Amino acid sequence: MNHSSGQKGHQQSLGEQLQFRLLLSVAFCWFFIGAVVCRLTFQSVAHASPDESCFQAAKKAAYGVVPYAFMHV
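For the structure given in this document, a descriptive report is provided here. (Residues numbered from 1 in each chain as written. Predicted model: local features only at pLDDT ≥ 70, side-chain atom pairs only at ≥ 80, totals over all residues. Heavy atoms only, no water.)

## Quick word on the overall build of the protein
Per the secondary structure count, the protein includes two helices and zero strands. A burial count over the protein gives 16% of its 73 residues as buried. Taking contacts inside the protein between residues at least 6 apart in sequence as the whole, the part at least 24 apart equals 57%. (Helix = DSSP H or I, 4+ residues; strand = E, 2+ residues; numbered from the N terminus. Buried < 20%, exposed > 50% of the residue type's maximum accessible area, 1.4 Å probe, protein only. Contact = heavy atoms within 4.5 Å.)

If you want it as structure tokens, here you go:
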């Protein structure tokens, strides 16, 4: 009985990991498009330093935002 409850907990964490990765990839794509548009229009990205690439800025923004979706209050 104890073994089955451990398996269920493992499956939930696997599901949460997949959800996290999916949400992270969607957020990354969103922020990457925003960073590229800002670069093309010569605007500064609010959360990026001037020497940062669009990829780095999008990655930093996605990892900064997505964990809040998984906080259990």
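After that view, the rundown keeps rolling.
## Let's talk about unusual backbone geometry
What is expected of a backbone is that most residues other than glycine have negative phi and most peptide bonds are trans. One non-glycine residue, Phe42, lies in the positive phi region at around 60°. Mapped onto the fold, Phe42 is located in the loop between helix H1 (2–40) and helix H2 (54–65).

## With respect to H2
Along its 12 residues, H2 runs 17 Å from first to last C-alpha, staying within 8% of the 16 Å computed at 1.5 Å per residue. Looking at H2, one finds that the buried residues are Cys54, Ala57, Ala58, Ala61 and Ala62. Burial along H2 is one-sided: seen end-on, the buried residues are contained in an arc of 125°. (Expected span 1.5 Å × (residues − 1). Arc of directions from axis to C-beta.)

## Notes on the packing of aromatic side chains
Applying the stated criterion across every chain, the model contains three aromatic pairs. Between the aromatic rings of Phe28 and Phe55, the centroid separation amounts to 5.3 Å while the plane-to-plane angle is 70°, which identifies the pairing as edge-to-face. One end of the pair, Phe28, is in helix H1; the other, Phe55, is in helix H2, with 27 residues separating them in the sequence. Within the aromatic cluster, the residues linked to one another by ring pairs are Phe28, Phe32 and Phe55. (Phe/Tyr/Trp six-rings, centres within 6.5 Å; stacked < 30°, edge-to-face > 60°.)

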